[in-house]
Amino acid sequence: MKTGRSEEGWVQVAVEDTGPGISEENLSRLFTPFFSTKPPGEGTGLGLFICRQIAERMGGRIDVRSRPGEGATFILSLKPAG
Ligand SMILES: Nc1ncnc2c1ncn2[C@@H]1O[C@H](COP(=O)(O)OP(=O)(O)OP(=O)(O)O)[C@@H](O)[C@H]1O
Ligand SMILES: [Mg+2]
């Protein structure tokens, strides 16, 4: 996990993994409710959708950077208080 600031001064928390990465096609659907590549009955496909909703209701955002075979990085960005 890394913390930092964006160019606009937003507080950022980046969480990186060394998993299989995500295809370009799937990247565009990642935050869509019920999108899941897990086997039937295993994933609801709601995890990232709910995380993004929570971030946006706090005035922030969640972005993802990933390429197949290169892991994934999720970045939570929040406006600083005050
Ligand atoms: N760190 C990751 N690396 C690679 N693919 C991911 C990662 N996180 C999410 N995904 C992809 O995004 C899809 C949607 O993720 P999301 O968390 O919304 O649902 P889920 O994990 O499938 O289900 P649930 O959250 O209910 O367990 C996953 O099925 C997977 O294909
Ligand atoms: Mg999930």
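All figures in this text were calculated on a predicted structure; none of them were measured in a lab.

Describe the side chain of Ser66, listing the residues and the values that go with them.
Secondary-structure assignment places Ser66 in strand 3 (residues 61–66). Of the polar contacts made by the side chain of Ser66, one reaches the backbone oxygen of Gly71; its length is 2.7 Å. Setting aside chain neighbours within four positions, we find Ser66 in contact with Gly21, Ile22, Leu27, Gly71 and Ala72.

Talk me through the nonpolar core; I want residue IDs and the actual numbers.
Of all hydrophobic cores here, the largest spans eight residues; its members are Ile22, Leu30, Phe31, Phe35, Ala55, Ile62, Val64 and Ala72. Those residues in contact with Leu30 that lie beyond four places of it in its chain are Ile22, Phe35, Leu48, Val64 and Phe74.

Pulling in residues and values, what's your account of the site of ligand 1?
Around ligand 1 sit 15 residues, and of these Asp17, Ser36, Thr37, Lys38 and Thr44 come closest. Note that an oxygen atom of ligand 1 is positioned 2.6 Å from one of the side-chain N or O atoms of Ser36. Between ligand 1 and the protein, one listed contact pairs an oxygen atom with a backbone N or O atom of Leu48 at 2.9 Å. Surface burial for ligand 1 is 77%, taken as the share of its 590 Å² of free accessible area covered by protein chains. Within the shell around ligand 1, the residues separate by chemical class into six nonpolar, seven polar and two charged.

What counts and how
- Residues numbered from 1 in each chain as written.
- Chains lettered and ligands numbered in written order.
- Predicted model: local features only at pLDDT ≥ 70, side-chain atom pairs only at ≥ 80, totals over all residues.
- Heavy atoms only, no water.
- Helix = DSSP H or I, 4+ residues; strand = E, 2+ residues; numbered from the N terminus.
- Polar contact = N/O pair within 3.5 Å; in protein donor to acceptor, adjacent residues only side chain to side chain.
- Contact = heavy atoms within 4.5 Å.
- Core = buried A, V, L, I, M, F, W, Y, C linked by side-chain atoms within 4.5 Å.
- Buried < 20%, exposed > 50% of the residue type's maximum accessible area, 1.4 Å probe, protein only.
- Near = heavy atom within 4 Å.
- Areas by Shrake-Rupley, 256 points an atom, 1.4 Å probe, with all protein chains shown as cover.
- Nonpolar A, V, L, I, M, F, W, Y, C, P; charged D, E, K, R; others polar.

As far as function goes, none of this settles anything; it's purely spatial.
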